[in-house]
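A look at the structure
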Amino acid sequence: MEYNFREIEKKWQQKWIDDGAYKVSNNLDKPKYYVLDMFPYPSGAGLHVGHPLGYIASDIIARYKRLKGFNVLHPMGYDAFGLPAEQYAIEHGVHPAESTAKNIATFRSQLDKIGFSYDWSREVNTSNPKYYKWTQWIFLQLFKSWYNRKTNKTEHIDTLIKIFEEEGNFNHSIPNTQFQIPDYPHVTFTAEAWKSFPEKTQQAILMEYRVAYCGYGEVNWCEALGTVLANDEVVNGVSERGGYPVEKKRLRQWYLRITEYADRLLQGLGTVDFSEAMKDMQSNWIGKSSGAEIDFSISRLTPDPSPRGEGSEDSEILRVADNSEKESGHYFKTTDKTTWKTSKEFGRENRKHSTEAEDLLWQQLRNNQLGSKVRRQHSIRGYIVDFAFLEADLVIEIDGGYHNELEQQSADTARQLYLEQIGYTVIRFTNDEVINQIEDVLQKIKTHIAQAKERQKVSDTAPLLREEKGSGDEAVLRVYTTRPD
């Protein structure tokens, strides 16, 4: 006897609908079980074979758990908001709302014919305002929150403001992110300093803590699509959809500070019933590394009448202050373990892509030409400055056009206030000043170095400092490494 699947299956599927066979109630007496499929993009004329391949497996689990007495939530929805649906509408010359609705109807019909046990009363459509108003709500909660490393949980941003007002941020250092602008306010400040910052500076600093934050990063920009693409959406330099050219571009973007949750994510992997291969894949994606801190002996810096070589640009020299300096707070480290890796990489990248003005000034300063060692793109307590005369307590900054933007000016103000608080003089020049008035620029720098020599009782003809090895309490430089060797 031939199986008339069209009539038989249609009859029983309709009965399942009429009886609400797969409708899920909020039954608190049963143990809960959640089976969630990846929502398909309604950006095509119908499902492809890969969709039911995965959906059948999860539907088997959902049915099995129901038979075992679980209250199973097994919904279906459509990821209808974004580039795939938009591009489909453009290619077919229809409005996205129209093409999305039509494709969803086709998808739903195909899913029904397969006979999945979905509760269609809980259907999700991400382009429906009733749905995405909650994604907007969630984003606002993340924007108003920061991750407290002391309590290992997210808290309202108002609690952080209160901490700043009472004790500054010495116990809550600014999180590091790979998207951070090198010279954005990586600052350590007192409660008094926080209260003295203008509103824009305070908001710029708070942005460095928010779970949802706005920052700059290098992205894959597709001009034809008018959007940013993920790495896996770019194939051989063009967009996967449409084959349009893609270029690297530095843009301001919204990000989520998920790296703050690395420890909790890794701990959570130990509690889920996944295969070891899946756990390894997830832990590699989280990407937390383990290593060790090693102390290296370094030299003490003292006045020296004899010249010395400049050394490599990448050399890291730590100034060690005597007790009186330490008591007054006037000492520094070039960096610390929380910012060293990021700062080092940014410094090297900045040197590779220096501006015309930076190159011109570097040629005039290098090799102790002004009687003091200069370091280029150097890290001071998490900041990367354009040029640093550490021994002269002098920082030189060269400002391009983007320093005229209000937000960047706020960041510059916070940066300069902090550097001045720890004893540096900050001199700023514009690109035009360096290029067109180089002699005036050099004279201002020479004047400050001469004043530093006078304070340190150093001869005008001698370089400011040299390394004196040995004597006294041994200074160390602590380095973090992940290498086993």
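Residues numbered from 1 in each chain as written. Predicted model: local features only at pLDDT ≥ 70, side-chain atom pairs only at ≥ 80, totals over all residues. Heavy atoms only, no water.

For the protein, the helix and strand inventory stands at 16 helices and 19 strands. Counting over 485 residues, the protein shows a buried share of 39%. Put simply, of all contacts in the protein between residues at least 6 apart along the chain, 70% involve residues at least 24 apart. Summing over all exposed atoms, the protein offers an accessible surface of approximately 28300 Å²; the carbon and sulfur share of this is 53%. (Helix = DSSP H or I, 4+ residues; strand = E, 2+ residues; numbered from the N terminus. Buried < 20%, exposed > 50% of the residue type's maximum accessible area, 1.4 Å probe, protein only. Contact = heavy atoms within 4.5 Å. Areas by Shrake-Rupley, 256 points an atom, 1.4 Å probe, with all protein chains shown as cover.)

Residues of helix α13 (residues 356–365) that are buried include every one of A357, E358, L361, W362 and L365, and no others. Down the axis of α13, the buried set is contained in an arc of 130°. They therefore lie on one face. Looking one or two residues past α13, N367 carries a phi angle of roughly 60°, positive in sign. (Arc of directions from axis to C-beta.)

As a further point, take the nonpolar core. In this structure, L361, L365, F387, F389, I396, V434 and I445 are the most contacted members of the largest nonpolar core, which totals 21 residues. When residues of this core are traced back to their parent elements, those giving at least two are α13, β15 (383–389), β16 (394–399), β17 (425–430) and α16 (438–456). Take this core: its biggest share by element is six residues, from α16. Ignoring anything within four residues of it in the chain, the contact list for V434 reads A357, L360, L361, I398, F429 and V441. I157, F164, I174 and I205 belong to the second largest nonpolar core, which has 13 residues in total. (Core = buried A, V, L, I, M, F, W, Y, C linked by side-chain atoms within 4.5 Å.)

It is worth spelling out the packing of aromatic side chains at this point. In this structure the tally under the stated criterion is 18 aromatic pairs. With a centroid separation of 6.0 Å and 75° between ring planes, the pair formed by W134 and W137 is classed as edge-to-face. Of this pair, W134 and W137 both sit in helix α5 (residues 129–143), three residues apart, which is roughly one turn of that helix. Among the aromatic residues, those joined into a ring-pair cluster are F164, F189, W194, F197 and Y209. In this arrangement the basic side chain of R108 is found over the ring face of W120, its NZ or CZ atom lying 3.9 Å from the centre. Here the guanidinium or amino end of R210 rests over the ring plane of F143, the centre of that ring lying 4.0 Å away. (Phe/Tyr/Trp six-rings, centres within 6.5 Å; stacked < 30°, edge-to-face > 60°. Lys NZ or Arg CZ within 6 Å of the ring centre and 35° of its normal.)

It is worth spelling out the confidence of the model for the protein at this point. Per-residue confidence for the protein averages 80 on the pLDDT scale, and 78% of its residues sit at or above 70. Segment residues 300–333: pLDDT under 50, and 89 contacts once partners within four positions in sequence are set aside and those in other chains are kept. (pLDDT = per-residue confidence, 0-100.)

Our next topic: unusual backbone geometry. Positive phi, normally seen in glycine, also occurs at N236, with a value near 55°. For N236, the location among the structural elements is in the loop between β9 (234–235) and β10 (238–239). Overall, the relative accessible area of 79% leaves N236 in the exposed class. Even without being glycine, D393 reaches a positive phi, approximately 55°.

The three strands lie next to each other as β8-β7-β11, forming an open sheet whose pairing is antiparallel. Pairing within the sheet leaves two strands with one partner each, and these edge strands are β8 (227–229) and β11 (247–256). Averaged over all adjacent pairs, the angle separating strand axes in this sheet is 55°, with direction ignored. Relative to β8, strand β7 (residues 212–222) is paired through three bridges, and the arrangement is antiparallel. By the bridge assignment for β8, C222 is matched with T227. (Pairing = 2+ DSSP bridges. Axes fitted to C-alpha atoms, helices over the stretch in contact; angles between N-to-C directions.)

Pairing within the open sheet is mixed, and its four strands lie in the order β14-β15-β16-β17. If you trace the sheet from one side to the other, it starts and ends with β14 (375–380) and β17, each paired once. Looking at each pair of strands side by side, their axes are set apart by 45° on average, direction ignored. Of the pairings in the sheet, the one linking β14 to β15 comprises five bridges and is antiparallel in character. In the strand pairing of β15, H378 is matched with V385. Of the strands in this sheet, β14, β15 and β16 are in contact with α13, which crosses β15 at around 35°.

In this structure the tally under the stated criterion is eight salt bridges. Linking R375 and E391 is a salt bridge whose minimum nitrogen-to-oxygen distance equals 3.4 Å. A residue pair is termed long-range when its members are at least 10 positions apart, and R375 in strand β14 and E391 in the loop between β15 and β16 qualify at 16 residues. Summarising the burial analysis for this pair, R375 and E391 share the class buried. (Salt bridge = Lys/Arg side-chain N within 4 Å of Asp/Glu carboxyl O.)

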